[in-house]
Amino acid sequence: MTIATPTVRTSLKRTAFWSIGTIVAVLIAVVVLLARGATVPDGVFLSATNPAPVGGMAVAEVLADQGVNVKVVGTSAEARTALAGADATLLLHDAGNYLDADQLQDLSALARHTVLVEPGFLQLRDIAPEIGAAGAVGGVLTADCEVGAVTRAGTVLGDGSGYRLIADTTNAESCLGSGDAVFSLIQFDRDGHRVTVLGASAALSNERVAELGNAALALGVLGENATLVWYQPTLADVAGGAATIADLTPAWLSPVLALMFLVVIAAGVWRGRRMGPLVVEHLPVTVPSNETMDGRARLYQKASARLRTLDALRVGTVSRLAVACGLPRTASVTEVAAVTASITGRDIREVTALLLNAEPATDRDLIRLSDELLTLEETTQNASGLRPTASPSTEPGE
């Protein structure tokens with residue numbers, strides 16, 4: 001038997017197209033992801049760097065074009081640095097209530113004008129205790145006070161939160177009322193510092209700033225001073241900082257993991273397979289047929305495939321009986337059994353059962369049926385005048 005296996009060069013040629021195509025596809029995907037990653041917006045509501053409909057980049061860029069020095073900061077430390085020594089407005093939008101009372105009061109004290117965008121209970125308590133939250137507000141609101149930014153705006157979109165005065169304040173201006181003493185903008189002065197509580201947050205968004213008088217309101221409130229510090233606190237501003245994985249794990253864990261890593265490497269070096277150089281084998285090679293026969297016989301024996309073994313012997317016997325009876329090798333088993341029975345004088349049912357129907361239940365039955373096949377073949381060849389061939393039990397693969 002001759003087996004031809006492909007060489008390494010042939011295999012590489014066959015897979016070269018798909019390998020190169022896969023590499024090119026991966027490179028294209030990486031380039032596209034990197035290119036898109038550089039322009040993906042941050043997605044934060046009213047973020048000065050977010051060009052999406054909910055972002056606030058449009059207001060920030062228009063203010064910058066009008067000469068306002070817009071400083072976008074990410075932490076309270078950066079905000080304090082930007083406010084120090086500057087005649088600045090602080091836009092504070094702490095939707096997650098990350099800042100504590102000290103941080104809020106320190107930042108507000110540094111700013112000439114503090115604009116609280118949709119402040120929560122804690123921010124109102126620490127910076128504007130005279131004002132309380134009054135729930136959600138929506139719809140179009142009309143100017144109803146003497147604040148210049150509101151007067152110039154005329155009408156604005158009031159979607160956001162409403163507030164009301166809960167304490168007597170002599171210098172407070174309540175604007176953009178929506179009924180029941182609820183307002184979307186309340187402004188007052190304290191110790192030379194101005195505080196504006198702005199609930200109409202949707203008016204600052206990229207999607208709505210160009211509607212009604214929203215732009216006039218946004219530019220008027222945020223553009224009073226030469227510098228605008230745009231600050232939206234994050235988890236990094238929580239007092240004490242967020243706990244890291246190293247803080248939450250015991251001190252002994254890192255050394256143990258490092259030791260386990262070294263042990264795995266040492267075990268791999270110690271017990272791992274030593275891969276030597278590739279062995280070059282010149283193909284095709286010729287495999288002796290008896291090796292294939294012995295290997296197949298051992299497999300049949302291990303699997304107890306008695307019927308499969310007997311069928312392999314029957315195939316060879318029927319083929320040789322057909323030649324002995326003068327029939328073509330393509331003759332059916334029934335035809336071979338009939339001619340064999342007539343030549344040997346045996347019962348056709350007995351011959352048919354031996355060549356087709358008999359099933360061995362044990363190894364002893366298999367040996368008995370194999371011997372009967374050999375006897376039938378020898379009897380037929382003797383009766384037909386042919387020279388007996390090799391035993392079928394030694395050539396099951398034929």
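Because the structure is predicted, anything quoted here is derived from the model rather than measured.

### Side note on the side chain of Glu 377
Reasoning step 1: Here Glu 377 lies in helix H14 (residues 363-384).
Reasoning step 2: By relative accessible area, Glu 377 is classed as buried at 2%.
Reasoning step 3: In terms of polar contacts, Glu 377 uses its side chain to reach the side chain of Arg 320, at 2.6 Å.

### Details of the layout of surface pockets
Reasoning step 1: Each pocket or cavity is described by its volume, and for the second largest pocket that value is around 240 Å³.
Reasoning step 2: Looking at the lining of the second largest pocket residue by residue, the classes come out as nine nonpolar, seven polar and one charged.

### A word on the environment of Gln 187
Reasoning step 1: Position of Gln 187 among the secondary structure elements: in strand E10 (residues 183-190).
Reasoning step 2: Sequence spacing of Gln 187 and Ala 128 is 59 residues, and the spatial spacing of their C-alpha atoms is 9.9 Å.
Reasoning step 3: Those residues in contact with Gln 187 that lie beyond four places of it in its chain are His 113, Val 147, Asn 171, Ala 172, Glu 173, Arg 194, Val 195, Thr 196 and Glu 224.
Reasoning step 4: At 2.8 Å, the side chain of Gln 187 forms a polar contact with the side chain of Thr 196.

### Quick word on the pattern of salt bridges
Reasoning step 1: What the rule picks out here adds up to 15 salt bridges.
Reasoning step 2: Measuring nitrogen to oxygen at the nearest pair gives 3.5 Å for the salt bridge that ties Asp 87 to Arg 112. Of this pair, Asp 87 sits in the loop between helix H3 (76-83) and strand E3 (88-92) while Arg 112 is found in the loop between helix H4 (101-110) and strand E4 (113-117), placing the two residues 25 residues apart along the sequence.
Reasoning step 3: Residue Arg 208 pairs with Glu 211 through a salt bridge whose shortest N-O separation is 3.6 Å.
Reasoning step 4: Within the structure, one salt-bridge network assembled from shared partners comprises Asp 159, Arg 208 and Glu 211.

### Some details on the confidence of the model for the protein
Reading fine detail from the predicted coordinates is not recommended where pLDDT is low.
Reasoning step 1: When pLDDT is averaged along the protein, the result is 82; 85% of the residues meet or exceed 70.
Reasoning step 2: In the model of the protein, strand E1 (residues 2-3) stands out as the element of lowest mean pLDDT, 44, in contrast to E4, which has the highest, 93.

### So, the state of the cysteines
Reasoning step 1: Tallying each qualifying case throughout the model produces one disulfide.
Reasoning step 2: Through a disulfide, Cys 145 is tied to Cys 175; the S-S separation comes to 1.9 Å. One disulfide, between Cys 145 and Cys 175, carries an S-S torsion of 105° and so falls in the right-handed class. One end of the pair, Cys 145, is in the loop between strand E6 (140-142) and helix H6 (148-153); the other, Cys 175, is in strand E9 (residues 173-177), with 30 residues separating them in the sequence. Of the two residues, Cys 145 and Cys 175, neither departs from the other in class, the shared state being buried.

How each quantity is defined
- Residues numbered from 1 in each chain as written.
- Predicted model: local features only at pLDDT ≥ 70, side-chain atom pairs only at ≥ 80, totals over all residues.
- Heavy atoms only, no water.
- Helix = DSSP H or I, 4+ residues; strand = E, 2+ residues; numbered from the N terminus.
- Buried < 20%, exposed > 50% of the residue type's maximum accessible area, 1.4 Å probe, protein only.
- Polar contact = N/O pair within 3.5 Å; in protein donor to acceptor, adjacent residues only side chain to side chain.
- 1 Å grid on protein atoms, 1.4 Å probe; cavity = no way out; pocket = protein on both sides within 12 Å on 5 of 7 lines; lining within 4 Å.
- Points joined across faces, edges and corners; volume = space filled by probe spheres on them.
- Nonpolar A, V, L, I, M, F, W, Y, C, P; charged D, E, K, R; others polar.
- Contact = heavy atoms within 4.5 Å.
- Salt bridge = Lys/Arg side-chain N within 4 Å of Asp/Glu carboxyl O.
- pLDDT = per-residue confidence, 0-100.
- Disulfide = S-S within 2.5 Å.

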